[in-house]
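# Coordinate inspection notes
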Amino acid sequence: MKDRQPAAQQAGRPMVRGVSLRGGASGGPVPLLDAAEREALAAIGTVVRFPRGAILHDEGEKISSIFNITEGVVKTYRMTEDGRRHVLAFLFPGDLVGLYEEHRYLNTAEAVTPVTAYRLPVAALEKLLERDPALNLAFLSKACHDLRQTQRHEIMLARREARQRLLMFLDTLVPQASAIAGNPQGAILSLPMRRVEIADYLGLSPEAVSRGLHALVREGKLRLHGLHQIEVLDRGDLAALTG
């Protein structure tokens, strides 16, 4: 049986999280790599660190490596023709950064927080995946998981009400959350991103994001803990509201 340890036990080594194509009991994201696969990636990779605001790669830059986040949060974005920033995704530990096509990065990746990641050279990674079918399947599972997340984002943007977009966004963050002691149905969500970054992700104004959050607080759905933490008082309630 493969040794798939919890994320907390994988710190310091590459880790990839997603919904496995083999399925699982939880149905949610799980570690996709065993200990040997993490060591194989570490052997071809280099640990790199980025301060908040640093650019991991630019849109249109020639591809050399992809990045596997082990600590911190990254956002990916593209600039529109009228100069607006469209945030495509927020990426967390266990995610891969570096989507490319025809040897060029398709978007810009920027550190939202201080970030630690493994830089994985594409040429070495391709050879490793060719030799290891199980690792190849893990990366395929991750690609399918990310595709589902992209589809969910598109559904989010199709919602007319800012409130519904916010609720769906918060629900996507729950797997990253820590459970509240004594309240198993709730969760503390870390929001390291600024309100303007959330707005750029949801296609809203920063003011609409702030108004929406405070409205959910008044309804008793959320409790704010400063600027960067939100308590979801009932996860089941949140999931029902997003429906």
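All figures in this text were calculated on a predicted structure; none of them were measured in a lab.

### Some thoughts on the environment of Phe50
- Structurally, Phe50 is set in strand β3 (residues 46-50).
- A C-alpha to C-alpha distance of 8.4 Å links Phe50 and Thr113, two positions 63 residues apart in sequence.

### Quick notes on the pairing of strand β11 (residues 108-111)
- Every second residue of β11 is oriented toward a common face, with Thr108 and Glu110 on one face and Ala109 and Ala111 on the other, all of them buried.
- Summarising the sheet, strand β4 (residues 55-57) and β11 pair through 2 bridges and their orientation is antiparallel. Paired with His57 across the two strands is Ala109, which belongs to β11.
- Bridging between strand β6 (residues 74-79) and β11 involves 4 bridges; their strand directions are antiparallel. Paired with Thr76 across the bridge in β11 is Ala109.

### Some thoughts on the packing of aromatic side chains
- Using the criterion set out here, one finds 4 aromatic pairs in the structure.
- Centre to centre, the rings of Phe50 and Phe67 are 5.8 Å apart; their planes meet at 80 degrees, and the pair counts as edge-to-face. Remark: Phe67 occurs in strand β5 (residues 65-71) and Phe50 occurs in strand β3; sequence separation between them is 17 residues.
- Phe67 gets classed as buried once you look at its relative accessible area, which sits at 1%.
- Ring centres of Phe169 and Tyr201 lie 5.6 Å apart, and the angle between their planes is 55 degrees; this geometry places the pair in the tilted category. Of this pair, Phe169 sits in helix α4 (residues 162-173) while Tyr201 is found in helix α5 (residues 195-202), placing the two residues 32 residues apart along the sequence.
- With relative accessibility at 8%, the residue Tyr201 sits in the buried group.
- Among the aromatic residues, ring-to-ring pairing joins Phe90, Phe169 and Tyr201 into one connected group.
- Just above the ring of Tyr77 sits the side chain of Arg85; from NZ or CZ to the centre is 4.3 Å.

### Description of unusual backbone geometry
- Phi at Glu102 takes a positive value of approximately 50 degrees, unusual for a residue other than glycine.
- Secondary-structure assignment places Glu102 in the loop between β9 (100-101) and β10 (104-105).
- Taking relative accessible area as the criterion, Glu102 reaches 71% and is therefore assigned exposed.
- One non-glycine residue, His103, lies in positive phi territory at about 65 degrees.
- Relative to the helices and strands, His103 resides in the loop between β9 and β10.

### Structural notes on the pattern of salt bridges
- Inspection of the entire model under this criterion finds 10 salt bridges.
- A single salt-bridge network, built from bridges that share partners, covers Lys75, Arg194 and Glu197.

Thresholds, definitions, all that
- Residues numbered from 1 in each chain as written.
- Predicted model: local features only at pLDDT ≥ 70, side-chain atom pairs only at ≥ 80, totals over all residues.
- Heavy atoms only, no water.
- Helix = DSSP H or I, 4+ residues; strand = E, 2+ residues; numbered from the N terminus.
- Buried < 20%, exposed > 50% of the residue type's maximum accessible area, 1.4 Å probe, protein only.
- Pairing = 2+ DSSP bridges.
- Phe/Tyr/Trp six-rings, centres within 6.5 Å; stacked < 30°, edge-to-face > 60°.
- Lys NZ or Arg CZ within 6 Å of the ring centre and 35° of its normal.
- Salt bridge = Lys/Arg side-chain N within 4 Å of Asp/Glu carboxyl O.

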